[in-house]
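# Chains, contacts and geometry: an overview
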Amino acid sequence: MADIEQVREWIAGAAGVAVLTGAGISAESGVPTFRGAGGLWNNYKAEELATPEAFARDPRLVWEWYNWRREAIAKVLPNPAHKALVRLEIDKRIFTLITQNVDGLHDRAGSGKILKLHGDIWRLRCLECGANWPDRRAPLPKLPPHCQCGGVARPNVVWFGEPLPDGMMKEAEHAVESAQVFLVIGTSANVFPAAGLIPYARHAGAKVVEINTDETPYTNLADCSLRGPAGQILPQLI
Ligand code: APR
């Protein structure tokens, strides 16, 4: 409780707050995480499903997997952790939600100031003309889907080995620099450059608060690490 109280004071006293979320924030909604118990990468090979090479090799296989994930995500709802961040965004003059999640649950909860580092599973991108557009159909009627130009479309997400969208990391670093509190929620902090924002925030002088059911490689660097489900802890903080 003392830690919760302390973090509440830090948040209340902060003009600017930045947040980094990972798959763990959507776990209580029923969206599987990637690592740890029941993680997607325990049952599926990332190199066969989430790389540009895999898509070039077998676009249909990759789309079958993304189609399955879209159907699963379409059936669930944002949870109290997502909703608490919407309240924090309304409350704070300076606020940025930096997410690694492509599930769109932050949007559905009502968050607005979102930086989607790894893209959005509900948008498609054409390999030919580069167009990208929203498509919320689950399931998609035809795999692989195609662009109006006739080109094959891919999910508008960042795959392993691909760079983040231009300027995204700069925007995220800027958001962290203007925050007195940096909440790190439900990420195993294994994937870079996203995880690099944690030491970056510490270096920039923000109070780093980790919220996770487990320890992570950056637990020792955090000013406070709250152990437990985000859906139970965040409503107590905000
Ligand atoms: N509340 C808080 N934390 C939780 C909860 C919960 N209810 N459930 C699980 N966690 C924690 C786990 O302990 C773990 O540290 O969430 C983290 C999930 O880690 P990962 O599955 O590795 O997900 P993430 O860190 O978002 O992965 C980063 O890797 O696979 C790629 O592109 C994908 O964006 C993803 C990136």
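Just above, that's the structure.
This text gives an overview of the structure that appears in the document. (Residues numbered from 1 in each chain as written. Predicted model: local features only at pLDDT ≥ 70, side-chain atom pairs only at ≥ 80, totals over all residues. Heavy atoms only, no water.)

Attention now goes to the packing of helix H1 (residues 2-13) against helix H11 (residues 230-237). Where H1 meets H11, the closest approach of the two axes is 9 Å, and the angle between their N-to-C directions is 55 degrees. Here H1 is positioned oblique relative to H11, judged by the angle of their axes. Within the contact between the two elements, H1 uses Ile4, Val7, Arg8 and Ile11 and H11 uses Ile233, Gln236 and Leu237. Partitioning the contact of H1 with H11 into residue classes produces five nonpolar, one polar and one charged. (Axes fitted to C-alpha atoms, helices over the stretch in contact; angles between N-to-C directions. Helix = DSSP H or I, 4+ residues; strand = E, 2+ residues; numbered from the N terminus. Parallel < 35°, antiparallel > 145°, perpendicular 65-115°, else oblique. Contact = heavy atoms within 4.5 Å. Nonpolar A, V, L, I, M, F, W, Y, C, P; charged D, E, K, R; others polar.)

Taken together, 22 residues lie near the ligand, and Phe34, Arg35, Thr187, Ser188 and Asn212 sit nearest. Between the ligand and Gly186 there is a distance of 3.3 Å, counted from an oxygen atom to a backbone nitrogen or oxygen. Between an oxygen atom of the ligand and a side-chain N or O atom of Asn212, the distance comes to 2.7 Å. (Near = heavy atom within 4 Å. Polar contact = N/O pair within 3.5 Å; in protein donor to acceptor, adjacent residues only side chain to side chain.)

Turning next to the nonpolar core. Soluble globular proteins tend to bury their nonpolar side chains together. By size, the foremost hydrophobic cluster in this structure holds 26 residues, and its most contacted members are Val19, Leu183, Ile185, Ile211, Leu226, Leu234 and Leu237. Elements with a minimum of two residues in this core: H1, strand S1 (16-21), helix H7 (80-91), strand S2 (94-99), strand S7 (181-185), strand S8 (207-212), strand S9 (224-227) and H11. Those residues in contact with Leu237, other than ones at most four positions away along the chain, are Ile4, Val7, Arg8, Ile11, Ile211 and Leu226. With 25 residues, the next largest nonpolar core counts Ala18, Val176, Ala179 and Tyr218 among its residues. (Core = buried A, V, L, I, M, F, W, Y, C linked by side-chain atoms within 4.5 Å. Buried < 20%, exposed > 50% of the residue type's maximum accessible area, 1.4 Å probe, protein only.)

Okay, the packing of aromatic side chains next. Two aromatic rings are characterised by how far apart their centres lie and by the angle between their planes. For the structure shown, the criterion picks out three aromatic pairs. Centroid distance Phe55 to Trp159: 5.4 Å. Interplanar angle 35 degrees. Geometry classified as tilted. With Phe55 in helix H5 (residues 52-57) and Trp159 in the loop between strand S6 (153-157) and helix H9 (168-177), this pair connects stretches of sequence that are 104 residues apart. Per residue, the accessibility class of Phe55 equals that of Trp159, and both read buried. By the ring-pair criterion, three or more aromatic residues cluster together here, those being Phe55, Trp65, Tyr66 and Trp159. The ring of Trp122 has Arg136 lying over it, and the distance from NZ or CZ to the ring centre is 4.6 Å. (Phe/Tyr/Trp six-rings, centres within 6.5 Å; stacked < 30°, edge-to-face > 60°. Lys NZ or Arg CZ within 6 Å of the ring centre and 35° of its normal.)

Think of it this way: side chains of opposite charge can pair up when their charged atoms draw near. Taken as a whole, this structure holds nine salt bridges when the rule is applied. For the salt bridge of Arg60 with Glu64, the shortest nitrogen-to-oxygen distance reads 3.0 Å. Taken together, the positions of Arg60 and Glu64, both in helix H6 (residues 59-74) and four residues apart, correspond to about one turn of that helix. Look at Arg60 and you get partly exposed, because its relative accessible area is 42%. Since its relative accessible area comes to 38%, Glu64 is described here as partly exposed. A salt bridge links Asp135 to Arg137; its shortest N-O distance comes to 2.7 Å. Residue class for Asp135 comes out buried when judged on its relative accessible area of 7%. Given a relative accessible area of 44%, Arg137 falls into the partly exposed group. Through salt bridges with shared partners, one network takes in Arg70, Asp135 and Arg137. (Salt bridge = Lys/Arg side-chain N within 4 Å of Asp/Glu carboxyl O.)

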